[in-house]
Every structure is written in C-alpha cells, then in structure tokens.
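# Reading the structure
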Amino acid sequence: MKFFIDSANLDEIKKVAEWGLVDGVTTNPSLLAKEGRGFKDTICAIADLIDGPISAEVVSTTSDEMLKEAHTVASWHPNVVVKIPFIPEGMRVVRQLSEEGIKTNVTLLFTLNQALIAAKAGATFLSNFVGRVDDLGGEGMVAVQDTVNMVHTYDFKSEVLVASIRSPQTIVESVRAGAHIATIPFKVLELMYKHPLTDKGLQSFLDDWKRSGLTIE
Ligand code: G3P
C-alpha cells in the first residue's frame, strides 16, 4: 500500500519525509487555506521535500476554467497530479488531461457509480472519501471495497486512494479491502506507530539489558 500524507503543512511533510515512509502528498483548498502560504509556493516547497505524486486541486467549476487551471498547476512540477472534483464538467476535463498524459486525482467520491465514471474518464487516482460518510453514521469503506473490485473486474488503470481518514482503523480496513493508496493525516500517521505494549516491552528489554551489565562489543 502506498502512503500519501494528506497535508499542506510543510513541517508535517518534512517530518514524515524523514521517517522515510511517504510516497506522495495530497492537498486540497481547505488544507492550503489553513497554511496561508501561496498555492504555487507551497506545492513547489512540497516537491522539494517529497519525490512522489503531489495532488494540487483546481478551484473552478467550468470545464474551460478547470482545464486552464489544470495546465497551470501541472506546469509547476513534473510530480504534480491535478486534483479534479467529481462533477460532470470535471470528468470532461479528466478525459482531456488523460489524453494529454497529465495525471489526475478525482476527489470527493462517495459511491461506486461516481468512481466508475471517474475511472472511465481515465482518472489516475480515485479518491474515495471514508471519514465524511462515517461521520454521518454511514460505512465509508463499502464504496472503497466496491471500487477496488470494480477496478480489478474491468482492469482499469486507476488506483483506489482512500481519503478522509479519521483513525488508524481505516488503514486496517483499507488494507483488507485491497486499496492501493491511503492518504493519511499527520496525526493519524503518528497514531499508527503507537501501542502501549510496544512501549512497555521496549522499556522492559532495556531495563533487563541495563541490569545484566552486558555490552554490545
Ligand atoms: O484531502 C482529501 C480528503 O482526505 C480530505 O478529507 O474529510 O479530512 O476533509 P477530510
């Protein structure tokens, strides 16, 4: 499974880059707005930190304007993936960009039908949102499993990217579903490392070693 970090915060991205675990980055207008840095400046700074796909989202909703914005953000760095919201106009743009060889990440997917249309349009990544469905008492992973099955059934080249992640359990369920990628918020990635028995066990090893008087040499 590929790990993307779902963030536009350079400190977070720098830290996880040092952990050597991150395969890419996804941003969105809300994450960028939180950072208060320029869009291009932030994306280029991320490209200096991570050698992998970096999703940068268009903010227009007409196909002409989305296509213009897509070409602009794609020109910033070879690793930029153009993020397009799932609207009919957007799928036309995804088709066009796919024919031009520009990678796309279709975002705000909640159903199998939406993912199927995005895959047929030629999306590189299909961003199935889980947390926002779960927040409403639904089961966001159902559409993820359906989308994974769909991609395999029809041999689509699109990769299923689990997004809107609230807890490490979603990563577990994403692995079970066979999703290709999870885009993980920094705090959730930190939590994935933690277990009290790991901490307790290590402390016990080190205490016993210290008492033994043994040395490595
Ligand atoms: O960036 C796409 C997605 O992961 C954002 O999800 O629900 O945390 O805003 P959310």
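It should be noted that the structure appears before, not after, this text.
Reading the values: rules and limits
Residues numbered from 1 in each chain as written. Predicted model: local features only at pLDDT ≥ 70, side-chain atom pairs only at ≥ 80, totals over all residues. Heavy atoms only, no water. Buried < 20%, exposed > 50% of the residue type's maximum accessible area, 1.4 Å probe, protein only. Helix = DSSP H or I, 4+ residues; strand = E, 2+ residues; numbered from the N terminus. Pairing = 2+ DSSP bridges. Right-handed = clockwise from strand over helix to strand, strands pointing away. Arc of directions from axis to C-beta. Contact = heavy atoms within 4.5 Å. Axes fitted to C-alpha atoms, helices over the stretch in contact; angles between N-to-C directions.

Attention now moves to the pairing of strand β1 (residues 2-6). The buried fraction of β1 is high, at 4 of 5 residues. Pairing of β1 with strand β8 (residues 181-184), which is carried by 4 bridges, proceeds in the parallel orientation. Among the inter-strand pairings, Lys2 is bridged to a residue of β8, identified as Ile181. As paired strands, β1 and strand β2 (residues 24-26) are joined by 3 bridges and run parallel to one another. Counted as the bridge partner of Ile5 is Val25 from β2. Handedness of the crossover joining β1 and β2 through helix α1 (residues 10-18) is recorded here as right-handed.

Attention now goes to helix α9 (residues 168-177). Residues of α9 that are buried: Thr170, Ile171, Ser174 and Ala177. Along the axis of α9, the buried positions cluster into a sector of 120 degrees, meaning they face one direction only. Exposed residues on α9 whose side chains face more than 90 degrees from its buried face are Val175 and Arg176. Packing partners of the buried residues in α9 comprise β1, α8 (140-154), β7 (159-163), β8 and α10 (186-193). Downstream of α9 by a residue or two, Gly178 has a phi angle that is positive, lying close to 80 degrees.

Here the focus is the sheet that holds β2. Strand order around the closed barrel formed by 8 strands is β1-β2-β3-β4-β5-β6-β7-β8, with parallel pairing between neighbours. Each strand axis lies, on average, 30 degrees off the axis of its neighbour in the sheet, ignoring direction. Each of β3 (54-57) and β4 (80-85) touches helix α4 (residues 63-74); the most contacted strand, β4, lies at about 160 degrees to it.

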